[in-house]
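One letter stands for each residue in the lines below.
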Amino acid sequence: MVAASAEMAGDHKAAVRLTFRHALTAVRFVCGDDVQAGTIKRVTLRNVYSKGDYDLNLERWSGWGTKASFSQTLDKAAVANQPITTEAQTFMMLPQTLPDDAEIEVVFNDGTADQTLKAPIGGSGKVWPKGKTVTYKISTSSVDWEYFLDVTAPEAFTYAGGTNTYSVKSYRKSNTGKIEPVAWKAQFSEDGTTWSDTAPDWLTEFTASGVGGDAATTYKATVKAQVGITNNPHTKILREERPVKGTEAKPYNLSNSTGGDPVENTANCYVVDAPGWYSFPLVYGNAIKNGQTNESAYTSTATGDHILNPFINHLGNGITDPYIDRNVGCDPAKAELVWQDALLLVTDIRYNPGADGGNISFKVDKERIQQGNAVIAIKDNKGNVMWSWHIWVTDEDINKSIEVTNHDGYKYRFTTINLGWCEGDTTDYPERSCQVRFNSVGAAKDKMVKQLAQTIRTGGNNPNYRHGRKDPSYPPAGIGTLNKVRYTMDGSPSEANPQVERFPNGTAKIKNQTLKPATYDSSSGEYYNLWDTNWRGGDWPRKDHRLVKSVYDPCPEGTHIPISVVFSGFTLTGGFAFSSSEVNGVWNDICRGWNFYSGPNRTGEQIFFPCQVLLADGRFLILGGRESGSYHVADAYDKYSSLHHFSFSSSGVTMAASVYSSCMSIRPVREK
C-alpha cells in the first residue's frame, strides 16, 4: 500500500494526514463447483509482468516489463467452491494489461497421478486492476478423463476342455490426448449373484488382474475336461464294483497274473479291468512266455519268398532279445500316449528306467474309468517310437470262451467279444459356465467363460487292424457319429480318419509300421508270416493248422488271431454260404450280426459276431447299412496279406473274401 501528501515546509512538527491506497492487484484461487476430488498441489501464474514504474501523485503504473512466473506449492484438498489459497497465500501482483501469453498452470492429483491443467488469462485487453482482487475458479473439466475397457472373451470350450485365449485393453484418455494405462481386476460368479476373487476349480488357468494399457494384452484360459454322465452298466461296474489295483508307488504289473514283480507273460495288448495304477515291461510283444524267452515269436522256421525272418524293430534291425533296451541302438527315453477313445481314460503315463529297461506305468482313474482303448508308445531321445502297446479297458472276462467245432471236427475256443470291444452308449456332458467381471476405474465389463454341453452316442464298436500290424487303427464309426471320437496326447478330440501314408516295400514297411503306429499304410502287403511266424502261404488249409503266435500278434496274453479253418463251422457247407439258409447260425436283426452255432448242423450254444465297419484306403466305410462284418485270419492267402479273411452279411457268409489294404475286426481264440 502507498500514500503521498502535498509539499509542506519542513520542521514544523505538525501531524500530516496520509491516505493509503492499494497499489497492487490481489490474485486468489478457489475451486469451481465442478472440481473433481483430489489435491491441488501447485498453482503458477506464468508470463506476467514483474516490473513497472508507479507515479505516487498520479497513482498510476507505467513502463511495464520483464515477464516472469510466480508459483506456490499448496497441497490443498480440492473441495467445490472452497478457497485454494488462504489470505496469506494471496498473490500480490503488479496491476497490468496481461500479456497475450499469460496463463495459469495448476498441478492437480486425482488420486492416481498428477495432471497439469493450463488456461490462458491474457490477450483481448485482460486487465488486473490496481487495488482490486481478481479471483480465478479452478475447474478440472478441461482435463476430464475418458475411461476405456475392452475385453474379448475366450471362445467357448468343448466338453474336452483345453486352452483358449482372451484379451484385455484398459486405459484412460484425456481430452488433451494424453493416454495412460488403468489397472484392472477380475471377479468370478457361477450363479450371477455371488462374486469371488477365486475362479471355480474347473477354470484352472486364468489371469485375474493386470496393469492395463491401450494395446490389448492376451492371456490364457484353461478349462478342465468335463466329466460325462453315462448310464452304461459296464461303466457302473468298473467304477463302483471293481476294487482299485496297484498304487502310484507300486503299480500292478500287467505281465504278471497276480500283479507281482516277475515278468511272466507279455503281449502287445494288456487288459485292464479295474481302476488303479498299472505297469508293463519294455518287451517286444509276446517275446516272454511263462517267464522265459519266447524266441519263436520273432524267429521263423519258414523259408521261401515273402517270409520275414527275423522279425524287426523300429531301426529295421532283427530283434535279438525280448527286452527292447538289450537290442543294439535301442535306448528308451520317454513314454507317451498315441491315442485313446475315451476322454482321460489313461493318464499319468511315465517311463520308469530300471533293470531290463524298466517299465511304463499309467493310471486309470476311478472317476473316469469306462470301456475303452488306448495306445501307449515308448520313444527314444530323438522322439522315435520304438514300440507301442494297446491298453484295453473292459469289465468283460476275456478268459471266458465258447468252444466252436469247425467243419472238420477240430475244436477252437473263441473269446466272447471282439478284440478291443466297447458296448455302445450315450454320454452326456453338461454345460458349465462362469461369469467374469472385469473391473477398472470408471468401467466394468462382464464376459462368460463357457464349456458347451455335448452328447456323444456310439454303437458297439472295436478298433480295426491292418493285416500283420500289432497296433489297432483308430476306433471306427459309432452310431450317431462320423467316427468314434478319439483323443490325442494333448486331449484334443477328433472324429477325422487316420493319417494315410504309403509305406515302402520290404523291411522298410515293417520298420515304418512300428515307427508310425497311428498312420494307415495304404500299400499292399509284403509278408505271409507276420501273425504266424512259420506260415509259408499257399492255399487255404482245410485241416487243423498249429499257429505260432508272432511278436506282432495284437491279441492279449493267452489268445491269438484265429486261422482260416476256425470259421469253417459257421457254414453248413464248410466253405461259402451263398444264402442265409446255408449259414450255421441265426441272423440277429436287433443287434445286427450273426448268432453262429458252436456245433455242427445248428447245434450247441450260440456265439455272436457283430457287423462292424471296414477301414479301407484310410476311410471307415459303413457297408450295407451296417449289415456287414469282416474278420481277420492269421494265415494270409498270398503276399498281399488281406485276401484271406472271414466276411459276412445278412444274406450269407464268405470264407475267403477279397479286400486289399483294409483294416478289419479281430475275434481272438484261446491258445491251445
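Peer 1: If you had to explain the side chain of His234 to someone new, which residues and values would you point to?
Peer 2: Looking at the element boundaries, His234 is found in helix H1 (residues 233-240). Looking at His234, its side chain comes within polar contact range of the side chain of Asp395, at 2.9 Å. Setting aside residues no more than four positions away along its own chain, His234 makes contact with Gln371, Asp395, Glu396 and Glu423.

Peer 1: Could you give an account of the pairing of strand S26 (residues 372-380), with specific residues and numbers?
Peer 2: Counting buried residues along S26, 9 of its 9 residues qualify, which places the element largely inside the surrounding structure. Where burial is concerned, the two faces of S26 agree: the one with Gly372, Ala374, Ile376, Ile378 and Asp380 and the one with Asn373, Val375, Ala377 and Lys379 are both buried. As paired strands, strand S23 (residues 332-340) and S26 are joined by 7 bridges and run antiparallel to one another. In the sheet register, Lys334 faces S26, and the bridge partner there is Lys379. Where S26 hands over to strand S27 (residues 385-393), the hairpin turn is made up of 4 residues, of which Gly383 adopts a positive phi near 85°.

Peer 1: Can you break down the pattern of salt bridges residue by residue, with the values?
Peer 2: Counting across every chain of the model gives 24 salt bridges. A salt bridge links Lys245 to Asp273; its shortest N-O distance comes to 2.9 Å. Of this pair, Lys245 sits in the loop between H1 and strand S18 (252-253) while Asp273 is found in the loop between strand S19 (269-272) and strand S20 (276-281), placing the two residues 28 residues apart along the sequence. When its relative accessible area of 22% is taken as the criterion, Lys245 is described as partly exposed. For Asp273, a relative accessible area of 26% puts it in the partly exposed group. As a salt-bridge pair, Arg592 and Asp589 come within 2.3 Å of each other at their nearest N and O atoms. Of the residues examined, Arg592 reaches a relative accessible area of 18% and is grouped as buried. Overlapping salt bridges bring together Arg46, Glu105 and Lys118 as one network.

Peer 1: Go over the side chain of Asn584, please, and point to the residues and values.
Peer 2: The residue Asn584 is located in the loop between strand S39 (559-560) and strand S40 (585-588) in this model. Taking relative accessible area as the criterion, Asn584 reaches 0% and is therefore assigned buried. A polar side-chain atom of Asn584 sits 2.6 Å from the main-chain amide nitrogen of Arg602. What Asn584 contacts, discounting residues up to four positions off in sequence, is Gly569, Phe570, Thr571, Leu572, Phe596, Tyr597, Gly599, Pro600, Asn601 and Arg602.

Peer 1: Talk me through a nonpolar patch on the surface; I want residue IDs and the actual numbers.
Peer 2: A contiguous nonpolar patch, built from Met1, Met8, Val16, Leu18 and Phe20 and spanning about 510 Å² of accessible area, is present on the exposed surface. Structurally, Val16 is set in the segment before strand S1 (25-31).

Peer 1: Before we move on, could you go through the sheet that holds strand S30 (residues 425-429) and cite the residues and values that matter?
Peer 2: Strand order in the open sheet made by the 3 strands is S17-S30-S33, with antiparallel pairing throughout. Every interior strand has two partners, whereas the edge strands, strand S17 (229-230) and strand S33 (454-458), have only one. Where S17 and S30 come together, 2 bridges link them in antiparallel fashion. Across the sheet, Thr230 pairs through a bridge with Thr427, a residue of S30.

Peer 1: Give me the sheet that holds strand S46 (residues 645-649): which residues, what numbers.
Peer 2: Pairing within the open sheet is antiparallel, and its 3 strands lie in the order S45-S46-S47. The sheet is open, and its two edges are formed by strand S45 (628-632) and strand S47 (652-654), each paired on a single side. Going from strand to strand, the sheet's axes swing by 15° on average, the running direction of each strand aside.

The rules behind these values
Residues numbered from 1 in each chain as written. Predicted model: local features only at pLDDT ≥ 70, side-chain atom pairs only at ≥ 80, totals over all residues. Heavy atoms only, no water. Helix = DSSP H or I, 4+ residues; strand = E, 2+ residues; numbered from the N terminus. Polar contact = N/O pair within 3.5 Å; in protein donor to acceptor, adjacent residues only side chain to side chain. Contact = heavy atoms within 4.5 Å. Buried < 20%, exposed > 50% of the residue type's maximum accessible area, 1.4 Å probe, protein only. Pairing = 2+ DSSP bridges. Salt bridge = Lys/Arg side-chain N within 4 Å of Asp/Glu carboxyl O. Patch = residues over 30% accessible without salt bridge, like charges linked within 9 Å, V, L, I, M, F, W, Y side chains within 5 Å. Areas by Shrake-Rupley, 256 points an atom, 1.4 Å probe, with all protein chains shown as cover. Axes fitted to C-alpha atoms, helices over the stretch in contact; angles between N-to-C directions.

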